[in-house]
Amino acid sequence: MLRAASLAESRGVGGSMMETMLHDRPEHTPERLIAASPIHGRTVQRLYFCGPHGAGKSTLVRWVSATYGVSMIHEVARGELAKLETTLPALRSDTERCTAYQLDVFRGQIAAERSIARPFVSDRACDNLCYLADSGDGVGALWESEECRAYVESLRAPDALVFLVLPHGGHVSADTARPAADAERRAIDRIDGMAKLLLEIARIPYIPVGPMSVQERQRQIAGCLRLAGWRKKETT
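Counting from 1, residues in each chain are numbered in the order their sequence is written. Totals for whole chains, interfaces and linings use every residue, but because this is a predicted model, local features are given only for residues with pLDDT of at least 70 and side-chain atom pairs only at 80 or more, for both listing and counting. Calculation of side-chain values draws on the structure's entire complement of heavy atoms; hydrogens and water are dropped beforehand.

Caption draft 1: Expanded view of the sheet that holds strand β2 (residues 71-73). Pairing in this open sheet of 5 strands is parallel, and the strands run β2-β3-β1-β4-β5 from one edge to the other. The open sheet terminates on both sides in strands that have one partner only, identified here as β2 and β5 (206-209). Across the sheet, the mean angle from the axis of one strand to that of its neighbour is 20 degrees, orientation sign disregarded. Strands are labelled as partners when DSSP assigns at least two bridges between them. To qualify as a helix, a DSSP run of H or I must reach at least 4 residues; to qualify as a strand, a run of E must reach at least 2; elements of each kind are numbered from the N terminus. By the bridge criterion, 4 bridges tie strand β4 (residues 160-165) to β5 in an arrangement that is parallel. Bridge assignment links Leu 164 to a residue of β5, and that residue is Pro 208. Working rule for contacts: check all heavy atoms of both residues, and any pair within 4.5 Å makes them a contact. Note on method: axes are straight lines fitted to C-alpha atoms, helices fitted across the in-contact stretch only, with angles between N-to-C directions ranging 0 to 180 degrees. With respect to the sheet, helix α12 (residues 214-227) is in contact with β1 (46-50), β4 and β5, its orientation differing from that of β5 by roughly 160 degrees.

Caption draft 2: Expanded view of α12. A helix is expected to reach a length of 1.5 Å times the quantity of its residues less one. When the terminal C-alpha atoms of α12 are compared, their 20 Å separation across 14 residues agrees well with the 20 Å that a helix rising 1.5 Å per residue should span. Immediately downstream of α12, the backbone of Gly 229 shows phi near 100 degrees, a positive value.

Caption draft 3: Highlighting the pairing of β4. Throughout this description, buried means an accessible area under 20% of the type-specific maximum (1.4 Å probe, protein chains only), exposed means over 50%, and partly exposed covers the range between. With respect to burial, β4 is a largely interior element, 6 of its 6 residues being buried. Where burial is concerned, the two faces of β4 agree: the one with Ala 160, Val 162 and Leu 164 and the one with Leu 161, Phe 163 and Val 165 are both buried. In this structure, β1 lies alongside β4, joined through 5 bridges in parallel fashion. Bridge pairing links Cys 50 to Leu 164 in β4.

Caption draft 4: Layout of the pairing of strand β3 (residues 120-123). Because side chains alternate across β3, one face comprises the buried residues Phe 120 and Ser 122, and the other comprises Val 121 and Asp 123, equally buried. Pairing of β1 with β3, which is carried by 4 bridges, proceeds in the parallel orientation. By the bridge assignment, Tyr 48 is partnered in β3 with Ser 122. Inspection of the sheet shows β2 paired to β3 by 3 bridges, in the parallel sense. Each bridged residue has a counterpart across the sheet, and for Ser 71 the counterpart in β3 is Phe 120.

Caption draft 5: A look at empty space enclosed by the protein. Put simply, the grid is 1 Å and covers the protein atoms alone, a cavity is a trapped set of points that fit a 1.4 Å probe, a pocket is an open set with protein on both sides within 12 Å along at least five of seven lines, and lining residues have an atom within 4 Å of a point. Grid points are joined across faces, edges and corners, and a volume is the space filled by probe spheres set on the points. Taken as a whole and assessed by the stated rule, the structure comprises 2 cavities of 30 Å³ or more. Taken as a whole, the largest cavity holds about 50 Å³ of empty space. Elements with a minimum of two residues in the lining of the largest cavity: α5 (76-84) and α7 (95-115). Of all the elements, α7 adds the most residues to the lining of the largest cavity, at 3 residues.

Everything listed is a geometric property; what it means functionally is a separate question.
Below you can see the structure in the form of structure tokens.
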């Protein structure tokens, strides 16, 4: 069972580094966020990585799953796109079809969480709403719906912990699910701003993960998870 660790015990595990990295947003230090959620002293069962495409979320999700031995939810958007046997540029040429796709992604995320064993780590949470607002219609109606309100409320619960992964300075490559236009910095920054705004307006407590090296990001996350009571799985 995952157990809570004391703040004093955790300060030596990346604590001072995290506070330095987050000096410009003191209200977002891991100690304050976890205490305010409230998460400290409780069992975290759901871990989410939100943010723009190309920020490194999937890399961190796979690392957490392997390091802590927890179930993993892959990015639902890629699975839904594969079902349609099309490309994002083709979808975005039809606003109605793109809207339906993003609604399927949102509901697919909820379905994936209901079907997987806890604890788990997820590649995204409610942040696909940013892409619905960017390329589709009806984000206001979805936001006001009972299903969205209930899901957002669940992300505020003490058993949930959200990381917002900020864009890094490296090159982002296009692929079958990410068109060249999405690899441009302005597109990434646009979604980054929307993701931050979404979490703030929704009052979902989150911990920002800065544009650091993979090693530094992993150390920051490990320190936060230690505060939340997670332990790395034993290796033989």
